[in-house]
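An overview of the molecular structure
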Amino acid sequence: LNLHPNKLLSLFKKTSVLTCATCLLFAVVFGLIAFAFRFSLFDSIIVGVALMFSSTIVGIKLTPTTTLHQKHLGEVMISVLLLQDILAIFVIILLEGSSKSSSHLYIPLLILKGICLVLFSFFFFKYCILWLFRKYDTIQEYILVMALGWCLAIAGISKALGMSYEIGAFIAGCSFAISPISLIISERLKSLREFFLILFFFAIGIQFDFLLLKHVLVPSLVLAVVLIITKPLAFFKAFLISHETDSIAKELSFRLGQASEFSLLVAYMARTSSAISNRTSYLIQLTTIITLIVSTYIVSYTYPTPIGTTKTLRAD
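The sections below set out a description of the structure shown in this document. (Residues numbered from 1 in each chain as written. Predicted model: local features only at pLDDT ≥ 70, side-chain atom pairs only at ≥ 80, totals over all residues. Heavy atoms only, no water.)

Some remarks on the overall build of the protein chain
A tally of helices and strands in the protein chain yields 15 helices and zero strands. Its C-alpha atoms give the protein chain a radius of gyration of 20 Å, near enough to 20 Å, the size a compact globule of 316 residues would have. Considered along the principal axes of its C-alpha atoms, the protein chain spans approximately 60 × 55 × 35 Å. For the protein chain, the proportion of its 316 residues judged to be buried stands at 48%. Sequence separation of 24 or more characterises 76% of the internal contacts of the protein chain that already satisfy a separation of 6 or more. Total accessible area computed for the protein chain in this model is approximately 15,500 Å², and 72% of it derives from carbon and sulfur atoms. Separation of charge centres in the protein chain, based on 24 positive and 15 negative side chains, amounts to 2 Å. (Helix = DSSP H or I, 4+ residues; strand = E, 2+ residues; numbered from the N terminus. Rg over C-alpha atoms; globule rule 2.2 N^0.38 Å. Buried < 20%, exposed > 50% of the residue type's maximum accessible area, 1.4 Å probe, protein only. Contact = heavy atoms within 4.5 Å. Areas by Shrake-Rupley, 256 points an atom, 1.4 Å probe, with all protein chains shown as cover. Lys, Arg positive; Asp, Glu negative; His and termini not counted. Charge placed at Lys NZ, Arg CZ, Asp CG, Glu CD.)

As structure tokens, then:
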């Protein structure tokens, strides 16, 4: 919902190489660390891939609204995060496809279905949903309910096509971004987003077996420390190479210096499809949660956020 597709595409031209290069670097580094702790080669690859993403939730939640929507720093951060989200969704599609069919045509067909769903969503929204918005735009509650209905409808269609609800919801949000009221809807959905975000982490916590955590505590701590150091350094150098100023490059690097909620989804999908062991899934989950917590504290005590610890750092 946060950025118009045309603007997003122009930013992708600048950040696509940077994003793909850093993701590849992170996947290799974190995968090698997992392999050094005697995880299997495939499990190590999944660990590296899962941890190469940064958190869209933390990035957006800890960035003041004015910075997010009106400043260059916010635009660059959103473009990097959304490109990572697209890569994460592609990974999830591959994991889902590998678990559901042994046919070599299954994954290409799944990708084709995804492309068709994207095209359908954008054209149907542009020529039908927008018309309905204009016709009944005086009823504010109608707009919010319509937005939720659109999200759930595309999520349902996505599931019917053999993909996940999350992929459909993401596509629905991207198609909605062409509307001038997308930012207004985004703000009104904050309470719902926070509610379901709490339930998401609650559900993750319920599944934790603390007896099993002791087997992944040391590698998780090592991975978390390396991730928290490596990501900001790599992003800082990458943003400088892409001609960002020192201050913007430094702030962006810290705001992107954690694992992602998509890391948890990749771990869940891979474990559900029996592609990885429970131990590997717990390694990804524990590492992700540690980095989310530490990164949130670092950003909150260093840069302006809506939950700033002082008046000078509190901004929204």
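Brief notes about the packing of helix α12 (residues 217–241) against helix α15 (residues 278–300)
Where α12 contacts α15, the axes come no closer than 9 Å and their chain directions differ by 40 degrees. The orientation of α12 with respect to α15, classified from their angle, is oblique. Crossing angle aside, the handedness with which α12 passes α15 is right-handed. Listed contacts from α15 to L217, P219, S220, L221, L223, A224, L227 and I228 of α12 are Y282, L283, L286, T287, I290, T291, V294 and I298. (Axes fitted to C-alpha atoms, helices over the stretch in contact; angles between N-to-C directions. Parallel < 35°, antiparallel > 145°, perpendicular 65-115°, else oblique. Left-handed = near helix turned anticlockwise from the far one by under 90°.)

Side note on the packing of aromatic side chains
Counted under the stated rule, the structure contains 13 aromatic pairs. Among the aromatic residues, those joined into a ring-pair cluster are F120, F124, F125, F133, W150 and F176. We note R279 situated over the ring of F39; from NZ or CZ to the ring centre the distance is 4.0 Å. (Phe/Tyr/Trp six-rings, centres within 6.5 Å; stacked < 30°, edge-to-face > 60°. Lys NZ or Arg CZ within 6 Å of the ring centre and 35° of its normal.)

Regarding the side chain of S300
Along the chain, the position of S300 falls in helix α15. A distance of 2.7 Å separates a polar atom in the side chain of S300 from the backbone oxygen of T296. In this view, S300 contacts L62, T305, I307, G308, T309 and L313; residues no more than four positions away in its chain are not counted. (Polar contact = N/O pair within 3.5 Å; in protein donor to acceptor, adjacent residues only side chain to side chain.)

Details of the pattern of salt bridges
Within the structure shown, the criterion is met by three salt bridges. In this structure, the salt-bridge partner of E194 is R193, at a minimum N-O distance of 3.4 Å. For R193, a relative accessible area of 36% puts it in the partly exposed group. Note that R255 is salt-bridged to E251, the shortest N-O span being 3.0 Å. Of this pair, R255 and E251 both sit in helix α13 (residues 246–255), four residues apart, which is roughly one turn of the helix. Exposure class is identical for R255 and E251. Each is buried. (Salt bridge = Lys/Arg side-chain N within 4 Å of Asp/Glu carboxyl O.)

Re the nonpolar core
Residues L51, F133, F239, V266 and I284 are the most contacted members of the largest nonpolar core, which totals 80 residues. Among the elements that make up this core, the one with the highest residue count is helix α5 (residues 72–100) (14 residues). Once you skip the residues sitting within four places of it in the chain, I284 turns out to touch I46, V47, A50, L51, S263, A267 and I276. (Core = buried A, V, L, I, M, F, W, Y, C linked by side-chain atoms within 4.5 Å.)

What to know about the state of the cysteines
Across all of its chains, the model carries zero disulfides by this definition. There is no disulfide at C23, and the cysteine sulfur nearest it, in C20, is 6.7 Å away. Looking at C128, it has no disulfide partner, and the nearest cysteine sulfur is the one in C151, 17 Å off. Overall, C128 belongs to the partly exposed group, its relative accessible area being 27%. (Disulfide = S-S within 2.5 Å.)

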